[in-house]
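Here is what each chain is made of, one letter per residue.
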Amino acid sequence: MAAVDYSVLDDPQASGMSFYPQRHWTQTPEGAVDCGITVDDGVQLSARFFPVGQQNPTVLFFYGNGETAAGYDNIAPLYNQIGVNFFVVDYRGYGASGGSPAFSVMLADAVKVLDSLRDMLAGSDFTGPLYVMGRSMGRHAAFELAVEAADRIDGVIIESGRPNLARFTMGLDAEAAQAMEDAYHAKAYSISIPTLVIHGENDELAPVQDAVAMHENIRSEDKHLLVIPGAGHNDLMFVGIRQYFEAIRRFVVQYGGAGDDQTD
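This report concerns the structure included in the present document. (Residues numbered from 1 in each chain as written. Predicted model: local features only at pLDDT ≥ 70, side-chain atom pairs only at ≥ 80, totals over all residues. Heavy atoms only, no water.)

Right, let's talk about the sheet that holds strand β6 (residues 155–159) for a bit. With mixed pairing, the 8 strands of this open sheet are ordered in space as β1-β2-β4-β3-β5-β6-β7-β8. Of all strands in the sheet, those bounded by a partner on one side alone are β1 (33–40) and β8 (223–228). Taking the axes of each pair of neighbouring strands and ignoring which way they run, one obtains an average angle of 20° across the sheet. Sheet topology places strand β3 (residues 58–62) next to strand β5 (residues 130–135); 5 bridges connect them, and they run parallel. Note that in β5 the partner of Phe62 across the bridge is Gly134. The sheet contacts of helix α4 (residues 139–148) involve β3, β5 and β6, and relative to β5 the element is tilted by about 145°. (Pairing = 2+ DSSP bridges. Helix = DSSP H or I, 4+ residues; strand = E, 2+ residues; numbered from the N terminus. Axes fitted to C-alpha atoms, helices over the stretch in contact; angles between N-to-C directions. Contact = heavy atoms within 4.5 Å.)

The next point concerns the pattern of salt bridges. Once their charged atoms are close, side chains differing in charge can pair, the charge on each being opposite to the other. Going through the model one piece at a time under the given rule, you end up with 12 salt bridges. A salt bridge links Asp34 to Arg48; its shortest N-O distance comes to 2.6 Å. Taken together, the residues Asp34 in strand β1 and Arg48 in strand β2 (residues 43–50) connect sequence positions 14 residues apart. You can call Asp34 partly exposed: its relative accessible area is 31%. For the salt bridge of Arg152 with Asp151, the shortest nitrogen-to-oxygen distance reads 3.5 Å. Asp151 sits in the exposed class, given a relative accessible area of 66%. (Salt bridge = Lys/Arg side-chain N within 4 Å of Asp/Glu carboxyl O. Buried < 20%, exposed > 50% of the residue type's maximum accessible area, 1.4 Å probe, protein only.)

Here we come to the pairing of β6. Along β6, 5 of the 5 residues are buried, which leaves the element largely enclosed by surrounding structure. Burial along β6 is two-sided: Gly155, Ile157 and Glu159 and Val156 and Ile158, pointing in opposite directions, are all buried. Taken together, the 4 bridges between β6 and strand β7 (residues 195–200) define a ladder with parallel strand orientation. By the bridge assignment for β7, Val156 is matched with Thr195. With respect to chirality, the unit in which β6 leads through helix α5 (residues 174–189) into the neighbouring parallel β7 is right-handed. (Right-handed = clockwise from strand over helix to strand, strands pointing away.)

Here the focus is the packing of aromatic side chains. Going through the model one piece at a time under the given rule, you end up with 22 aromatic pairs. Each ring, one from Phe103 and one from Tyr184, has its centre 6.3 Å from the other, and the planes form 65°; the classification is edge-to-face. With Phe103 in helix α3 (residues 103–123) and Tyr184 in helix α5, this pair connects stretches of sequence that are 81 residues apart. In terms of burial, Phe103 and Tyr184 fall into one category: buried. Considering the side-chain rings of Tyr244 and Phe245, the 5.0 Å spacing of their centres and the 65° angle between planes classify their relative orientation as edge-to-face. Relative accessible area serves as the criterion here: at 1%, Tyr244 is assigned to the buried category. Among the aromatic side chains, those forming a connected cluster through ring pairs are Phe50, Phe61, Tyr63, Tyr72, Tyr79, Phe86, Tyr91, Tyr94, Tyr244 and Phe245. The aromatic ring of Trp25 is capped on one face by Arg48, whose charged end is 4.3 Å from the ring centroid. (Phe/Tyr/Trp six-rings, centres within 6.5 Å; stacked < 30°, edge-to-face > 60°. Lys NZ or Arg CZ within 6 Å of the ring centre and 35° of its normal.)

Turning next to α4. Counting buried positions along α4 gives 8 out of 10 residues, so the element sits mostly inside the fold. Of all the positions in α4, only Arg139, His140, Ala141, Ala142, Phe143, Glu144, Leu145 and Ala146 are classed as buried. Buried positions along α4 lie against β3, α3, β5, β6, α5 and α6 (208–217).

Here the focus is the packing of α3 against α4. Contact geometry of α3 with α4 gives a least axis separation of 9 Å together with a crossing angle of 55°. In terms of their interaxial angle, α3 and α4 are classed as oblique. Crossing of α3 against α4: the hand is right-handed. Of α4, the residues touching α3 (which contributes Phe103, Met106, Leu107, Ala110, Val111 and Leu114) are His140, Ala141, Glu144 and Leu145. Of the residues contributing to the contact of α3 with α4, the split by class is 8 nonpolar, 1 polar and 1 charged. (Parallel < 35°, antiparallel > 145°, perpendicular 65-115°, else oblique. Left-handed = near helix turned anticlockwise from the far one by under 90°. Nonpolar A, V, L, I, M, F, W, Y, C, P; charged D, E, K, R; others polar.)

This is the structure:
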């Protein structure tokens, strides 16, 4: 698949309309580990790791716009309860990270984060499988890794996401914008590793039919779709909490094992 130059989407106006950086950090929760990931000269990303077991699956999580890694302090234990190590990282300009966000930079940073996490896990004798999960805006990083780093992860989970560039194409003429969207669709559809799509039936920002179409078109033969009835864009985890985490648990068990080691 031909490489696409996404730097044309880094227009400051488009970035200003697309990113909503939040500055937020908290005291390290008991059992968690804080990390700094260097992605550029003088630029570190803040991250937090919630481990549960060295042989258990690990989920590298990219959150939605306007969120932060520290905002997952109360959600991470839910992943631990299904036997999953949870690693959540901030984008540039979010949480306690340095730098400023831009689309192509977000994708490049995702690869550096994955490589740093793999090194960290290996250095601490974590041997379980590794999955990438992207929620809403985090889908962009997840798509990137599912395609460009498919040999280094065991599967991908897309929550409340679709292959759409939205406001990032601002400033491009209609033809150029459509060409970028077409290339982006092709990229997402080329995913060949195990894939789980989770979406709310009443998602007001990303219509559920887009998620269904994405699931149908993804090349992977090992793909699963969960639509949570009555759920919107930002409440589906809570509306369908049992379905949500059971789907993730089944997915990481089916394609990596070790997820049967659950905590209380």
